[in-house]
Every structure is written in structure tokens, then in C-alpha cells.
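# Fold and geometry: a report
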Amino acid sequence: MQTSLGTPTLSAIVCFLVIVALTLAVTYWAAQRTRSTSDFYAAGRSVSPLQNGLALAGDYMSAASFLGITGLVALRGYDGMIYATGWLVGWPALMFLIAEPLRNLGKFTFADVVAFRLRQRPVRIASAFGGILTLLFYVLAQMVGAGNLITLMFGLPYEWAVLSVGVVMLAYVLFGGMIATTWVQIIKAILLLFGVTVLTGLVLSRFHFSLGELYGAVSARYGQTALEPGGLVTDPIDAISLGLALMFGLLGLPHILMRFYTVPDARAARKSVLYATGFIGYFYLIIPIVGFGASALVGREIIRKVDSGGNMAAPLVAELLGGTPFLGFIAAVAFATILAVVAGLTLAGASALSHDIFTHAIRNGKATEQEQIRVARVATVVFGAVAVLLGILFKGQNVAFMVGLAFAVAASANFPALLMSIVWRRFNTAGAVCSIAVGAFLSVLLIVLSPTIWVDLLHHTAAIFPLRNPAIISMPAGFLAGLVASLLVSEPEAEEMFHEEKLRTYLGIGAE
Amino acid sequence: MNVSHREVLNAPEFRQLVARRWRTSLILTALLFLGYYGYIVLIATNRQLLSHRVGAFTNVGILLAAAVIVGAWVLTAIYVVWANRHYDPDVARLRARVRGN
């Protein structure tokens, strides 16, 4: 088939300009309403559960999962579906274990919760370290992906693609803070869900709206094995380790956690998780249909020829079924998706730098509103610049493992400290610092020694650590380090405050 | 800590509230684990079962993947319904006691 991918078509440019104009208009509107720190970091805590549910979905559904999972299903069949399930199952866990206490205890960042009754300086620095490390790995993967995808779809040079993502998303965060970022996420989530729904409808329309017929076409072309588990999950320990990272990593992602402060109370936080799980679940439920449709209608050979990783499966099937105009729309939606995710990451990075490091670790909590907002904006520019720089620096590198690494660090460094600080009276400053340090260090070290880097990237013959994702070791190690350090050191003030904290955790008394 | 705070903290109703909250979420977390990791272990150990056809081309594996996603959402919904019906009224009662003093 002939494709206009890689050349900027009129429809792609129009859709792209409309989306950018719309989001910048929203940013202008939001900028008028961004005065206090609570506006900048938490959208004035006035976001409704439905809005926050959409925004959470927008933060989470990245271009990598939209294009990546479609491609994986198109090229490797059923194995792509296994991935899709892994991306969803963290959401119920987030609800059951963290969501409500997080909303009740914190103000702007997850470090607020960890540091609630502990010594501010060491815990803030440790939490900000774990959070920023997670965000850097995540944003690096997003930026390199963005550069590659935009080059593939619009034919823009890589560096320009990365830079334009950086500039537009900086405009959102810098001027509109969390209010603009929230609305950008909502717009993006609606566009993405709409685009994928139309795409699914178009695919199914070719098979008389029967899934069985679609599977039949895939089976006829690539054999029944395309619909059966292949080589992805063979070692159960490896698969469970990846599953743990995906599930509990979500509970330690700073940009997701900070969204819970944008709603008025714990009840609203709870509802927003239900909405988010619904939208994200729907997304991962129908994405494989697009992938199977691409392999049946476009064919694996052509998909692989355009991009060996299969990332262009969704745009290609969109062009085949909806013509160039629909391809333009889907390409613009993918671009908006990247922008929104990077904006959310940047805001979270800026809040760790300014709220945790500047306001609390350096100024001991004593900084005026104006000062805090000014520092937050400087931090936004710093984090944004680092993101662009990393994107350009890692051009051409295989960074797919970076997302897995971000989730492993989040699950091993941020999540154990967060959970223990909420539920365990004896948990203290030493425990928090050790838990974060051990979790972060071990997850990074083990992934370097794993087949993912040691063999695939550094070309050694055998890996020193056998698993592809380290979470099954590094996450329990994070818990163990926190447990042992807390028991070795006594901190009576922290224990005493635990009771007062419980009223806030469960009843919301004194919550922001 | 003022008196009413201590009173509520020591009240059996508050202790029960916290215990019930964690019992509910841990049961749901256990079900989530059973569903998701059970599915993963099944893929690794019993390929035959997942390849077993249900329709002309549809197989158990495809249905299970969809069931994991739908099941995860259903568990979330169960928690929300439980919290709205049982947790929130108790919280409101205990909060009123704190404000009352």
C-alpha cells in the first residue's frame, strides 16, 4: 500500500494546529486563574472526579502504549494482549492501598505524605531523589519516542521534533500550571479515546462487526498461533517480576500521585480512580482489536518495513480505512498524547524540586507564596530543559527499557516508603531514607546487570542478574531496608504523631 | 492533641473503622493478585489451556485477557460501592464527634 506517512499532509498540519491552538487557548485561560501555589500545583483543588479521572487517564495513556501495544499485537499477536493487561492492574491496587490516605495526608507531592511525621530535611531530599529519578527515566523514554515518532509521521528532523515538544509543553506548565496541565490531559484523553474508538469501529466494519471473523482473518493469514501465547511469557518468575513493577510502579509515579491533590477530598479521589480505571480499561480492551486489524488488513510485512518495532501499525491501518485525513487526525492525536504526558512529568519534576527541595529542605517550610511560585517556574524550565537535552543526547539509542526501569524504581524506591509511612507506627526517618536509597540503588543496579542492558546493549554473553525486570527482588528489598532501619533507630516523636496522623488518614480531619 | 481527638482515637468505633477499611482493601487486593498473577502463571505453565478454542477462532486466552481487564474494573467498582455505603457514613459520624466537642 502507498502511505503518506513521513510527509506532512494538509490534514495532519490542520489537526495539529487546531490541537495546539486549543490547548494554548486553555493555557491562556488557566494562566489568569493561577495565582497561589495551590493553583499552580493542585489546580486549586477544584477538579471534579470525572475531570480528574479523564486527566489521570490522559497522564497514563502514553503514545508508547497507544502505538506500541497496537504494534506489538500486530506483529506478535496475543503476546501484545498480555502487555495490555499489565498496564491496567495497578489502578485497583492504587485505589485499595494508597488513593484516599494520599489525598488526606498530602498537600502537593507524595513526599508530603512520607515526611508527614518524620524529620523534614532528610526525608524530603530522599523522596525528591526517588521521585526525580523515576521521572527522568520516564521522560527520557518519552522524549526519544517523541522524536522518533514525529520524525516518522511528519518528516520533521529529530532535534526539531524534541525541541518543539519541549517548547509547547513548557508553555502549558509555565503559564498555566496544574490547571492548564489538567485540561490538556482531559482534551488529550478525549481525543485519544475518540480516535481509538473510531479506529476500532472502522476495523470491525470490515468484519461485519464480528470479533470472531477478525480473529479468523488473522488466523488465515498468520496461523492460529498469532492468537495464542507466544514467546513473551515463558519464565513465570520473570513475568511476575515485570507484573509487580507495572502494578506497584503506578503507586509510586509522582505525576500520577500528585493528581490526587487536585480534587476536593478523599471521596472525590476515590471516584476519580474508578473513572480512570474505566477509561484506561476500555482503552486497553479495544487497542488489541486495532492491532489485530492492522495485521489482518495492512499486513505484518508492510508494518515492519515502515518501522521495525511496529509503532506505525495504528497510523497505517488508520490511513488504509479512513484515508489521509483520518491518518492526519491520528498523527495529531499521537502528538497531543506525547505533549500531555511530558507536561505532566515536567510539572511533577518541578514540584519535587521547588516544593520538596527548595521550600522544605532548604527553607524549612518558610517561603512566601510569591517566592514559591517563582522557584516553581524556574524549576519547570530547568526540568523541561533537561528533558529536551536528554532527548537529544539519547538520539538513536534503544530506550524502550527505560519505561520498565522507571516503573521498577517507582515500585522499589517510592512505593514502599509511601505505604509504610501510612500504615506502620514504628516507621521513621532512618527507615524512609534507607528504604528509598536501597530500592532506587538496587533497581538501577540489577537492571544494568540484567539481560536487558548487560546482554542486549552491552553485548556481554551472559547476564549477571537473570531477570529482565528487577522488581521481584528490589521491591521487597526496599520494604526490608525500611523495616530494619526503622527498628534499629528509635524516633519517639514520629511514633507519637502517628495517632494524630490516623485521624487525618481515615477521617480527613485537617486535610488540605 | 486535644481531648475530643484522643476520645475518637480510642473509641472502639474508630478502631473498627480502620480495621474494616483494611480488611476490605486487603481482600480486594488478594482477589486482584489471584486474578492477574494467576493469569500470568497460567500463560507460563499451561499454554494448552489458553490455546483451547471456544468459538471458531476465539480461545480461552483471549477471553481471560479481557476478563482480567474487566475484573480489575469490577473490583474497583466494588470498593467504591462499599466505601460509599459503609465507610463514608461511619466517617461522617466520627467527624461529627470531633467537631461536637
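Residues numbered from 1 in each chain as written. Chains lettered and ligands numbered in written order. Predicted model: local features only at pLDDT ≥ 70, side-chain atom pairs only at ≥ 80, totals over all residues.

### Here's the deal with the overall build of chain B
A tally of regular secondary structure across chain B gives four helices and zero strands. When the elements of chain B are put in sequence order from the N terminus, they spell out α-α-α-α. For a compact globule of 101 residues, the expected C-alpha radius of gyration is about 13 Å, and chain B comes in at 21 Å, more than 25% above that figure. Overall, chain B is about 70 × 20 × 15 Å in size when its C-alpha atoms are taken along their principal axes. Counting the 101 residues in chain B, one finds 29% classified as buried. Contacts spanning at least 24 positions in sequence make up 64% of the contacts within chain B whose residues lie at least 6 apart. (Helix = DSSP H or I, 4+ residues; strand = E, 2+ residues; numbered from the N terminus. Rg over C-alpha atoms; globule rule 2.2 N^0.38 Å. Buried ≥ 20, exposed ≤ 12 C-beta atoms within 10 Å, placed from the backbone. Contact = placed C-beta atoms within 7 Å.)

### Considering the overall build of chain A
When helices and strands are counted, chain A shows 21 helices and zero strands. For 512 residues, the compact-globule formula gives about 24 Å, and the C-alpha radius of gyration of chain A, at 22 Å, lands near that figure. With the C-alpha coordinates aligned to their principal axes, the bounding extent of chain A is approximately 70 × 55 × 40 Å. A buried classification covers 64% of the 512 residues belonging to chain A. Of the contacts made within chain A by residues no fewer than 6 positions apart, 83% connect residues no fewer than 24 positions apart.

### Quick word on the environment of A:Arg300
All names here are of chain A. For Arg300, the position within the fold is in helix α14 (residues 300-306). Sequence spacing of Arg300 and Leu75 is 225 residues, and the spatial spacing of their C-alpha atoms is 5.9 Å. Once residues within four sequence positions are removed from consideration, Arg300 is found in contact with Ala74, Leu75, Tyr222 and Ser295.

### Section: the interface of chain B and chain A
Contact residues are listed per partner, giving 46 residues for chain B and 44 residues for chain A. Among the elements of the structure, α1 (3-10), α2 (12-45), α3 (47-51) and α4 (60-100) of chain B are those that each provide at least two residues to the side of chain B that touches chain A. The element contributing the most residues to the side of chain B that touches chain A is α4(B), with 19 residues. Of the residues that constitute the side of chain B that touches chain A, the class distribution is 32 nonpolar, ten polar and four charged. (Nonpolar A, V, L, I, M, F, W, Y, C, P; charged D, E, K, R; others polar.)

### Quick word on the nonpolar core
Residue and element names in this part refer to chain A. Met143, Val317, Ala334 and Val342 are the most contacted members of the largest nonpolar core, which has 242 residues in total. The element that contributes the greatest number of residues to this core is helix α15 (residues 313-362), accounting for 32 residues. For Ala334, the contacting residues outside a window of four places in its chain are Ala63, Phe66, Leu67, Leu149 and Met153. (Core = buried A, V, L, I, M, F, W, Y, C linked by C-beta atoms within 7 Å.)

### Looking at unusual backbone geometry
Residues and elements named next belong to chain A. Positive phi, close to 50 degrees, is recorded for Phe209, a residue that is not glycine. Note on placement: Phe209 falls in the loop between α9 (158-205) and α10 (211-222). Look at Asn364: it is not a glycine, yet its phi comes out positive at around 60 degrees. Considering the arrangement of structural elements, one finds Asn364 in the loop between α15 and α16 (369-393). The class of Asn364 is exposed, set by 10 C-beta atoms lying within 10 Å.

### Concerning the environment of A:Ala294
All names here are of chain A. Tracing the sequence through the fold places Ala294 in helix α13 (residues 266-297). You can call Ala294 buried: it has 31 C-beta atoms within 10 Å. Taking C-alpha positions, Ala294 is 11 Å from Arg304, a pair spaced ten residues apart along the chain. Ignoring sequence-local partners within four residues, the contact set of Ala294 consists of Thr70, Ala74, Ile303, Ala313, Ala314, Leu316 and Val317.

### Things to note about the confidence of the model for chain B
In low-pLDDT segments, the atomic positions of the prediction should not be examined closely. Residue and element names in this part refer to chain B. This prediction gives chain B a mean pLDDT of 92; 95% of its residues lie at or above 70. α1 is the least confidently modelled element of chain B, averaging 83 in pLDDT, while α2 averages 95, the highest of any element. Predicted complex metrics record ipTM = 0.95 and pTM = 0.95. (pLDDT = per-residue confidence, 0-100.)

### So, the packing of helix α11 (residues 236-249) of chain A against helix α17 (residues 401-423) of chain A
When two helices pack together, their arrangement is given by the angle between the helix axes and by the axis-to-axis distance. All names here are of chain A. At a minimum axis distance of 8 Å, the contact between α11 and α17 shows a crossing angle of 65 degrees. By the angle between their axes, α11 is roughly perpendicular relative to α17. For the pair α11 and α17, the crossing hand works out as left-handed. Each of Leu244, Ala245, Leu246, Phe248 and Gly249 in α11 lies in contact with α17, whose residues at this interface are Gly404, Phe407, Ala408, Ala410, Ala411 and Phe415. (Axes fitted to C-alpha atoms, helices over the stretch in contact; angles between N-to-C directions. Parallel < 35°, antiparallel > 145°, perpendicular 65-115°, else oblique. Left-handed = near helix turned anticlockwise from the far one by under 90°.)

### Quick look at α15(A)
All names here are of chain A. With 50 residues, α15 should cover 74 Å at 1.5 Å per step; its first-to-last C-alpha distance of 49 Å lies more than 12% under that length. The axis of α15 is deflected most strongly, by about 140 degrees, at Gly322, and proline Pro325 appears within four residues downstream. Counted residue by residue, α15 has 45 buried out of 50 residues, so it is predominantly covered. Directly after α15, the chain includes Asn364, whose backbone phi takes a positive value near 60 degrees. (Expected span 1.5 Å × (residues − 1). Bend = angle between axes of the 7 residues up to and from the residue.)

### With respect to α2(B)
Along its 34 residues, α2(B) runs 47 Å from first to last C-alpha, staying within 8% of the 50 Å computed at 1.5 Å per residue. For α2(B), the full list of buried residues reads B:Phe14, B:Arg21, B:Ser25, B:Leu28, B:Leu32, B:Tyr36, B:Tyr39, B:Ile40 and B:Ile43.

### Description of the packing of helix α5 (residues 78-88) of chain A against α13(A)
Residue and element names in this part refer to chain A. Running from N to C, α5 and α13 cross one another at 170 degrees; their axes reach a closest spacing of 9 Å. Overall, the two elements α5 and α13 adopt an arrangement that is roughly antiparallel. Residues Gly80, Met81, Ala84, Trp87 and Leu88 of α5 lie in contact with α13, whose contacting residues are Ile280, Gly281, Tyr284, Ile287, Pro288 and Gly291. Classifying every residue of the contact of α5 with α13 by side-chain character gives eight nonpolar, three polar and no charged.

### Structural notes on the environment of A:Gly293
Here A:Gly293 lies in helix α13. For the pair A:Gly293 and A:Phe401, spaced 108 residues apart in the sequence, the C-alpha separation amounts to 27 Å.

### A few points about the confidence of the model for chain A
Of the residues in chain A, 100% reach a pLDDT of 70 or more, and the chain-wide mean stands at 93. When mean pLDDT is taken per element in chain A, helix α20 (residues 471-488) of chain A scores highest with 98 and helix α19 (residues 451-455) of chain A scores lowest with 88.

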